[in-house]
Protein chains: 4
Amino acid sequence: MTSGKHKIKDIGLSDAGKDRVDWARANMPILRALKERLAKEQPFKGHKIGICLHVEAKTGVWLDTLMAGGARIAITGSPGTTQDDTAAYLVRDMGVEVFAWRDETFAEHMENAERVLDARPSLIADNGGDLHYLLSSQDKFRELSRSLQGATEETTTGANRLRETLPSFTFPTIIINDTMAKRIVENRYGVGISVVDGIMRTTNIMLGGKAVLVIGYGYCGQGVAQRLRGLGARVTVVDHEPMVQLEAHLEGFNTGTLEACIGGADIIVTVTGRDGVLQPDHYKQMRDGVIVCNAGQNASELSAIELYDMAQDVRILRPDIEQLTLDGGKKIFLLARGNLINLAGGDGNPIEVMDLGLALQTLSLECLALRSETLECKPQTVPQDIERATTRAALEAWVG
Amino acid sequence: MTSGKHKIKDIGLSDAGKDRVDWARANMPILRALKERLAKEQPFKGHKIGICLHVEAKTGVWLDTLMAGGARIAITGSPGTTQDDTAAYLVRDMGVEVFAWRDETFAEHMENAERVLDARPSLIADNGGDLHYLLSSQDKFRELSRSLQGATEETTTGANRLRETLPSFTFPTIIINDTMAKRIVENRYGVGISVVDGIMRTTNIMLGGKAVLVIGYGYCGQGVAQRLRGLGARVTVVDHEPMVQLEAHLEGFNTGTLEACIGGADIIVTVTGRDGVLQPDHYKQMRDGVIVCNAGQNASELSAIELYDMAQDVRILRPDIEQLTLDGGKKIFLLARGNLINLAGGDGNPIEVMDLGLALQTLSLECLALRSETLECKPQTVPQDIERATTRAALEAWVG
Amino acid sequence: MTSGKHKIKDIGLSDAGKDRVDWARANMPILRALKERLAKEQPFKGHKIGICLHVEAKTGVWLDTLMAGGARIAITGSPGTTQDDTAAYLVRDMGVEVFAWRDETFAEHMENAERVLDARPSLIADNGGDLHYLLSSQDKFRELSRSLQGATEETTTGANRLRETLPSFTFPTIIINDTMAKRIVENRYGVGISVVDGIMRTTNIMLGGKAVLVIGYGYCGQGVAQRLRGLGARVTVVDHEPMVQLEAHLEGFNTGTLEACIGGADIIVTVTGRDGVLQPDHYKQMRDGVIVCNAGQNASELSAIELYDMAQDVRILRPDIEQLTLDGGKKIFLLARGNLINLAGGDGNPIEVMDLGLALQTLSLECLALRSETLECKPQTVPQDIERATTRAALEAWVG
Amino acid sequence: MTSGKHKIKDIGLSDAGKDRVDWARANMPILRALKERLAKEQPFKGHKIGICLHVEAKTGVWLDTLMAGGARIAITGSPGTTQDDTAAYLVRDMGVEVFAWRDETFAEHMENAERVLDARPSLIADNGGDLHYLLSSQDKFRELSRSLQGATEETTTGANRLRETLPSFTFPTIIINDTMAKRIVENRYGVGISVVDGIMRTTNIMLGGKAVLVIGYGYCGQGVAQRLRGLGARVTVVDHEPMVQLEAHLEGFNTGTLEACIGGADIIVTVTGRDGVLQPDHYKQMRDGVIVCNAGQNASELSAIELYDMAQDVRILRPDIEQLTLDGGKKIFLLARGNLINLAGGDGNPIEVMDLGLALQTLSLECLALRSETLECKPQTVPQDIERATTRAALEAWVG
């Protein structure tokens, strides 16, 4: 379904989209409070914001907040994550220019990103650097690039891409993810609980009494280990940093080398963010029937490709559970093909985490709209006063 | 799809059924060990067992165990819980006589139950008392009833129905649920973790920091309260028994009267097993936006009918989330229409709980097959030696 | 220092005794509330209560409560536990007839017990059965025995002694310790925390990260295991009951047989209440440098005598820490000579536990004073209504 | 008891000192392993180390380690913390030059510090900066100062004093406390558990169910809050940093402003390290009977002086418990006069914390002995390789 102003799957899905967005809204008190202020102050009056972000319910609540502050919006999503009903609702009831559908190809995605820029935004909210890439690589956006007042970039990965590939910057870009607030709230508490959720709903097993090996004890690993213990699992933590291992030991977790601990685990979770933490040899030392999953960066963390190569036989037993039979008959149960277990088949981050993250986005965009001249034209962290204001708003909303 | 020997949805679904059963099997080590012994000893040789139980993957593993011990099987399920693919697998690969499909009506269910008895079993495994009811109420089963060597009944509710409605007993019936093993394993640990799972997958909210009110602190309530706390919730416990409230207080939970505690909760869970614990007036004292769910007996525990009557408006926002708007605009989010949150939309009990429960069933049926003459012809609890043997088997399987 | 009305160490110590009692009073809100009611209702008017109980600060608060209710008091203590300053305060400021001093011999203790009976009480509160023994064995108390309106007995041991040795009863005796309230409050929560306290103050070691083996998982063992885990210890639980071991496993504790677990422990605590749980052979399997202590019944639980026999050398390193060197040079550190670690060198039960226990005593004595004719003349448990009233009073005082 | 080589209380106390030191040694496996290596490598051969540190059992084990590495030692302690028996043992059995006794005055302490310098050390281990102060302020030590190969300083306070008051440095000084290892091990885990120990042994109260307010949620505050919760307390955390409060909230603690939370607490612990956190007005808002203590820096954190001024009456009820009666009769129970509750009347840090801290000291001194020329002549943090080596040694010793 297309018009000059949108390209989506089916506008008839709007009602279901409205329900989804309303549930998210009910659990996003930080944006709710922000909306009230923005409605009065109209900081985005005269601005069009060009956005690349998952077109789903929580994003819908955010767009509503920005529009209450005077903004007009053009948005595209990411391949595979668009909720077509939410997209329909954004178009029909909110008048957003949406260019996204669930099963778009990567080529279509880049076309949609171009359409967002074609809408001539004055501010950009990027996710993974696609909009920045287009702005810098295509001649037709040269003028737009110069006229832009500023941008945000959600991810650290996107920020690295920006720093590595873009020759020069003509506007300031605020990197949202490099904040303590996001790191603690999302990594320790958000990921911790959603990994536990992901394992339970994928497997239907009891965590009480299970021997679980958590590899990696950074913010994410701490969250995962604590929450698993909170559900009665007997948790062993492995980390290659001695100080970190010592901390886990004093916290009451079993610890040791990966080699010493791997054979005793019923369940293994990797949370390091590094490649090849589990090697083919490690799989040979695991118990028959072990469940293996990843909550770090991507499937290469547990060497998924090498594991499939080792397997004599692969069977899908339940959605997101594969049984891999190794030489000699030992069975490994791999969850979600080694992809992030908290995202696969789940709803990803708890709503509250996105409420805080999108509040950071909102205040960063407000800063760009009102005082972009105080910022340098390059990628930079969220200004401290914005991070503090967001944290205070979260406290206000959650604690009262 | 029907034959004299089965009546199921579609035998073509067998492969998917095999996958499901294999996943369950991988996590049922107690039955796995039992199967080895039964295969040698053949206690069920010459027996046909007539069964009424949910036709799903875990049951499939159980039937395989019984058949390894020499049994032939005829089975029907419960309306709404049959997995049609599992049913197909049982028929095609295992030769079970299955009479069940997912969307059967209650009348069809009772017909299917008759078909199980028509198969002339020598032992019965009942669930809710339906087979017992037919045996006692229909003339055509009078002879069968006299020739039966014994029966089991899974549920306490079924056991009560037996005791209340059956005039006399011509065979012994062992009540599975009245055991300490099941009560502790299923109620405290199984329900505890599956309630937490149910809330998370239904709502996608963060439990860390949330004020949760748990009403009822019996075995189930203890499990629910502990697991919620283990995920970072701030838990308040209400129980009308002073000694129980004192225990919760010393355990470090906030406690108080329902009236004093109800207004401060973000989430409310009822786990009492009693009707009308939440009354219409209680809903008036709740916070705007509160999430309410039930993990006790049934929806009357939180007066679901009365709540719907109070509501000015009811909207379904997500599967199993209804937004009820009361007079004055306050919103209550009711999960699963007040039905058991750990069953609704979830997979019910963790596999391990059923492994233990079905091991109790197996040993009870073995006792009936080999020494039914040592039991009285009436409903009775599981013999102590069987309960101890099952517990030891669970330890062997889980701890090693 | 003696008079007809008292026999104590030194009345000059009263001021220090007053300070102690006042600190206890500040933390005994249940007795405080009871005192108010008793002062109005005067249920003990005309009664003299003959008491055998530790003469220490918490007892002092209790006597004050009874006297506010109209009672006069004669009391003796236990050898070794009398606080001489508290005794002095009771005599000087409260007019209690006290017959007790810290270093009295057992023979002197029995003389003091006689003096309490010589004071011609109408009600008795006994501890260990000494007063009951004198009443039944000495001719001179035959008349008193017949005139008594009733008695209480604090301990289960004392109750067993009564039941075994006394030929017949001429008055009702209420056994205080056989109540759920005391069992849960004292055993799970009181013992749990005081064992942890005892280990820490005796050894000055860090519990975080330590491998601790708790032998026995009854109410006391549950409390000990939970509290040690709460301080960061890695706890293994051993219990010979399979169902209990299963519960500990699902609760997230490591479990196994004593033989499998004993070699890995840094610290071992026995909490079974049975003799000979640790045998000489077990000590041979322990780590060099292990710390061993007992929180069960008495030192024979860990075979203290046999252990001393095995030792080549015994050195006292700190008060309540002995280093025993076994054949081959292995060192065992035994705390408090195997006596109860929560009592040795500590203050015993937290004040709150005694507040509840003495409230039970008070209401039981009130029942004997006002309606002893409703009770049978034999040992019996605390009437249910009294237990419930005490529990409610505890809730009122602790939770509000 | 004096000689040219020592000045202590009574050499006859040596045996008791040996027992104390041996208990500490049994629990200091890091130093034990270090001693073996140093005995072989003799890095301190030819060195005399001049030390100012508490003369107590753990220090004794450390001196033994240094001497095994070839060092000779002259030591003084701190006023009030010297164990006279340990001092005697160090002189008689180990040949240490000790100048310290428990009740020395501050003037005597400074004289003793001079005696240590008079012994002409080549390395210095300071505590609070006293030795540094003498070296820089007294002419007679000018030459010694120039010949010194290096020094360590234990405390952050001492380090600040050095930086602020010393004009110039002629040797490198390594500041021990500014290490992540010490901060985490000592502050979060050491202080956490010893505060809990201090409160329990001072008061004899039950922590289960108590409402405890922890003010400050840095490393120390986190440890205190976690350990109190681990013992069943209902913990509320107050911190003035929004991000820190948010973290405590998500961790499941109650949080809020000090004003909102202060009235509901049974027990209040300050752990901020800042002055005047509790102001006179705060005491007016507290409950009658509240227990107040400090685990931060010093008594001014809870405005002890101002509190005494407010009190109509002050009574000492138990050692380290004072009852202060305010206007209107409200009672505040102040522990340890507002001094650090984990030190007052306790044994201070768990032995393991000092084992790690003194290993850091040892390796730092070894670095100064072997390669002081690689360091700049000024105060500096512990070199990273030393911190890592110490952490690895701790893991080796504690985890294996």
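Rules used throughout
Residues numbered from 1 in each chain as written. Chains lettered and ligands numbered in written order. Predicted model: local features only at pLDDT ≥ 70, side-chain atom pairs only at ≥ 80, totals over all residues. Helix = DSSP H or I, 4+ residues; strand = E, 2+ residues; numbered from the N terminus. Rg over C-alpha atoms; globule rule 2.2 N^0.38 Å. Contact = placed C-beta atoms within 7 Å. Nonpolar A, V, L, I, M, F, W, Y, C, P; charged D, E, K, R; others polar. Buried ≥ 20, exposed ≤ 12 C-beta atoms within 10 Å, placed from the backbone. Right-handed = clockwise from strand over helix to strand, strands pointing away. Pairing = 2+ DSSP bridges. Least-squares fit on C-alpha atoms with pLDDT ≥ 70 in both. Axes fitted to C-alpha atoms, helices over the stretch in contact; angles between N-to-C directions. Parallel < 35°, antiparallel > 145°, perpendicular 65-115°, else oblique. Expected span 1.5 Å × (residues − 1). Domains from an automatic or database assignment. Bend = angle between axes of the 7 residues up to and from the residue. Left-handed = near helix turned anticlockwise from the far one by under 90°. pLDDT = per-residue confidence, 0-100.

Asker: I tried to follow the overall build of chain A on my own but got confused; where do I start?
Answerer: In terms of regular secondary structure, chain A is built from 16 helices and 17 strands. In summary, chain A has a C-alpha radius of gyration of 22 Å against a globular reference of 21 Å for 400 residues, a match within 12%. Its C-alpha atoms put chain A at 65 × 45 × 45 Å along the principal axes. Taking the intrachain contacts of chain A between residues at least 6 apart in sequence as the baseline, contacts between residues at least 24 apart amount to 71%.

Asker: Help me understand the interface of chain C and chain B, please; the structure alone is not making it clear to me.
Answerer: Interface extent is often summarised as the accessible area lost during association of the parts. Contact residues are listed per partner, giving 21 residues for chain C and 21 residues for chain B. When residues in the side of chain C that touches chain B are grouped by element, the largest group, seven residues, is from helix α11 (residues 242–250) of chain C. Considering only residue class, the side of chain C that touches chain B consists of 13 nonpolar, five polar and three charged.

Asker: Would you explain the pairing of strand β12 (residues 267–270) of chain A in this entry?
Answerer: Side-chain direction in a regular strand flips from residue to residue, so the side chains alternate between the two faces of the sheet. Side-chain alternation along β12 of chain A places I267 and V269 of chain A on one buried face and I268 and T270 of chain A on a second face that is also buried. As for the winding sense of the linkage, the β-α-β connection from β12 of chain A through helix α13 (residues 280–285) of chain A to strand β13 (residues 290–294) of chain A is right-handed.

Asker: Looking at this structure, I do not really get the sheet that holds strand β16 (residues 331–335) of chain A. What am I missing?
Answerer: Strands pair in a sheet through their backbones, by hydrogen bonds, and they do so in one of two ways: parallel or antiparallel. Residue and element names in this part refer to chain A. Spatially, the eight strands line up as an open sheet ordered β11-β10-β9-β12-β13-β16-β15-β14, and their pairing is mixed. Only two strands of the sheet have a single neighbouring strand rather than two, namely β11 (254–255) and β14 (313–318). Pairing of β14 with strand β15 (residues 321–325), which is carried by five bridges, proceeds in the antiparallel orientation. Bridging from a neighbouring strand, I316 pairs with E322 of β15.

Asker: Honestly, the interface of chain A and chain B in this entry has me stumped. Any pointers?
Answerer: Residue-level contacts link 36 residues of chain A with 36 residues of chain B. Secondary-structure elements contributing two or more residues to the side of chain A that touches chain B are α1 (14–26), α9 (180–203), α10 (219–230), β14, β16 and α15 (351–371) of chain A. Of the residues in the side of chain A that touches chain B, the class split is 17 nonpolar, eight polar and 11 charged.

Asker: Can you help me understand the relation of the copies chain C and chain B in this one?
Answerer: One copy of the chain maps onto the second through a rotation about an axis and a displacement along it. The operation relating chain C to chain B is a screw motion whose rotation component is 180 degrees, with 0.1 Å of axial translation and a residual RMSD of 0.1 Å. The superposition operator between the copies reduces to a two-fold rotation axis. With an isologous cut-off of 70% or more, the 100% of interface residues of chain C that recur at the interface of chain B puts this contact in the isologous class.

Asker: Help me out: how do you make sense of the relation of the copies chain A and chain B in this one?
Answerer: In the superposition of chain A on chain B (RMSD 0.0 Å, axial shift 0.1 Å), the rotation amounts to 180 degrees. Taken together, the interface assignments show that 100% of the residues at the interface of chain A recur at the interface of chain B, consistent with an identical surface on both copies.

Asker: Could you clarify how one ought to interpret the packing of helix α2 (residues 29–41) of chain C against helix α15 (residues 351–371) of chain C in this entry?
Answerer: Helix-helix packing is characterised by the crossing angle of the two axes and by the distance between the axes. Residue and element names in this part refer to chain C. Between α2 and α15, the shortest axis-to-axis distance is 8 Å and the interhelical angle comes to 30 degrees. The angle between α2 and α15 falls in the class roughly parallel. Along the contact surface, α2 presents I30, L31 and L34, while α15 presents D355, L356, L358, A359 and T362.

Asker: Where do I start with the sheet that holds strand β15 (residues 321–325) of chain B in this structure?
Answerer: Taken in spatial order, the eight strands of this open sheet run β11-β10-β9-β12-β13-β16-β15-β14 (chain B), and their pairing is mixed. Looking along the sheet, the strands with just one partner apiece sit at the ends: β11 (254–255) and β14 (313–318) of chain B. Set on the sheet, α1 of chain A makes contact with β14, β15 and β16 (331–335) of chain B; between it and β14 of chain B the angle comes to about 95 degrees.

Asker: Is there a simple way to explain the environment of L38 of chain D in this structure?
Answerer: Residue and element names in this part refer to chain D. Tracing the chain through its elements places L38 in helix α2 (residues 29–41). Counting along the chain gives 251 residues from L38 to G289, while the straight-line C-alpha distance between them is 54 Å. Among all residues touching L38, those that are not within four sequence positions of it are P43, T65, A68 and G69.

Asker: Looking at this structure, I do not really get helix α3 (residues 57–68) of chain A. What am I missing?
Answerer: One turn of an α-helix holds 3.6 residues; hence residues three or four places apart share an orientation. Residue and element names in this part refer to chain A. Over its 12 residues, α3 extends 17 Å from the first C-alpha to the last, a length consistent with the 16 Å expected when each residue adds 1.5 Å. In terms of burial, α3 is a largely internal element, 10 of the 12 residues being buried. On the buried face of α3, the contacting elements are α1, α2 (29–41), β3 (48–52), β4 (72–76), α4 (84–94) and α15.

Asker: Would you explain the domain arrangement of chain A in this entry?
Answerer: For chain A, the assigned domains read domain 1 (2–171 + 350–398) and domain 2 (186–338). For domain 1 of chain A and domain 2 of chain A, the distance between their C-alpha centroids amounts to 34 Å.

Asker: How should I be thinking about helix α9 (residues 180–203) of chain D in this particular structure?
Answerer: Residue and element names in this part refer to chain D. With 24 residues, α9 extends 33 Å between its outermost C-alpha atoms, agreeing within 8% with the 34 Å of an ideal straight helix rising 1.5 Å per residue. In α9, a bend of some 35 degrees at G190 exceeds every other bend along the element. Counting buried positions over the 24 residues of α9 gives 22, a clear majority of the element. Where α9 ends, the next residue or the one after it, N204, has phi of about 65 degrees, a positive value.

Asker: For this particular structure, what's the right way to read the pairing of strand β16 (residues 331–335) of chain C?
Answerer: Residues and elements named next belong to chain C. Burial analysis of β16 places four of its five residues in the buried class, the great majority of the element. Where strand β13 (residues 290–294) and β16 come together, three bridges link them in parallel fashion. Within β16, the residue paired with V292 across the bridge is L334. One ladder, built from five bridges, connects strand β15 (residues 321–325) with β16; its direction is antiparallel. The residue of β16 that forms the bridge with T325 is K331. Between the end of β15 and the start of β16, which pair antiparallel, lie five residues, with G328 showing a positive phi angle near 90 degrees.

Asker: Would you take a moment to explain unusual backbone geometry for this structure?
Answerer: Negative phi is the rule for most residues except glycine; trans is the rule for most peptide bonds. Located in the positive-phi region is N204 of chain C, a residue other than glycine, with phi close to 60 degrees. Looking at the secondary structure, you find N204 of chain C in the loop between α9 (180–203) and β9 (211–215). The residue D320 of chain D is not glycine, and still its phi comes out positive at about 70 degrees. As for its position among the elements, D320 of chain D is in the loop between β14 (313–318) and β15 (321–325). For D320 of chain D, a count of 20 C-beta atoms within 10 Å translates into the label buried.

Asker: Would you take a moment to explain the packing of helix α9 (residues 180–203) of chain B against helix α15 (residues 351–371) of chain B for this structure?
Answerer: All names here are of chain B. Running from N to C, α9 and α15 point in directions that differ by 165 degrees, and their axes come no closer than 10 Å. By the criterion of interaxial angle, the relationship of α9 to α15 is roughly antiparallel. Two packed elements cross with a definite hand, and for α9 against α15 that hand is left-handed. Contacts between α9 and α15 involve A181, K182, V185, E186 and G190 from the first element and V353, L356, G357 and L360 from the second. In the contact of α9 with α15, the residues fall into five nonpolar, two polar and two charged.

Asker: It is not clear to me how the environment of L123 of chain A should be interpreted in this structure. Could you clarify?
Answerer: All names here are of chain A. Secondary-structure assignment places L123 in strand β6 (residues 123–126). We classify L123 as buried; it has 24 C-beta atoms within 10 Å. Once the C-alpha coordinates of L123 and A151 are considered, the two residues, 28 residues apart in sequence, prove to be 5.7 Å apart. Sequence-distant contacts of L123, defined by excluding residues within four places in its chain, comprise H47, I49, Q149, G150, A151, L365, L368 and A369.

Asker: Mind showing me how you'd approach the environment of A393 of chain D here?
Answerer: Relative to the helices and strands, A393 of chain D is located in helix α16 (residues 384–398). Excluding anything up to four places from it in sequence, A393 of chain D contacts I30, A33, L34 and A359 of chain D.

Asker: Sorry, what's going on with the confidence of the model for chain A here?
Answerer: Close reading of the predicted structure is inappropriate where its pLDDT is low. On average, residues of chain A carry a pLDDT of 94, and 98% of them reach 70 or more. If you check the scores for this complex, the pTM reads 0.94 and the ipTM reads 0.93.

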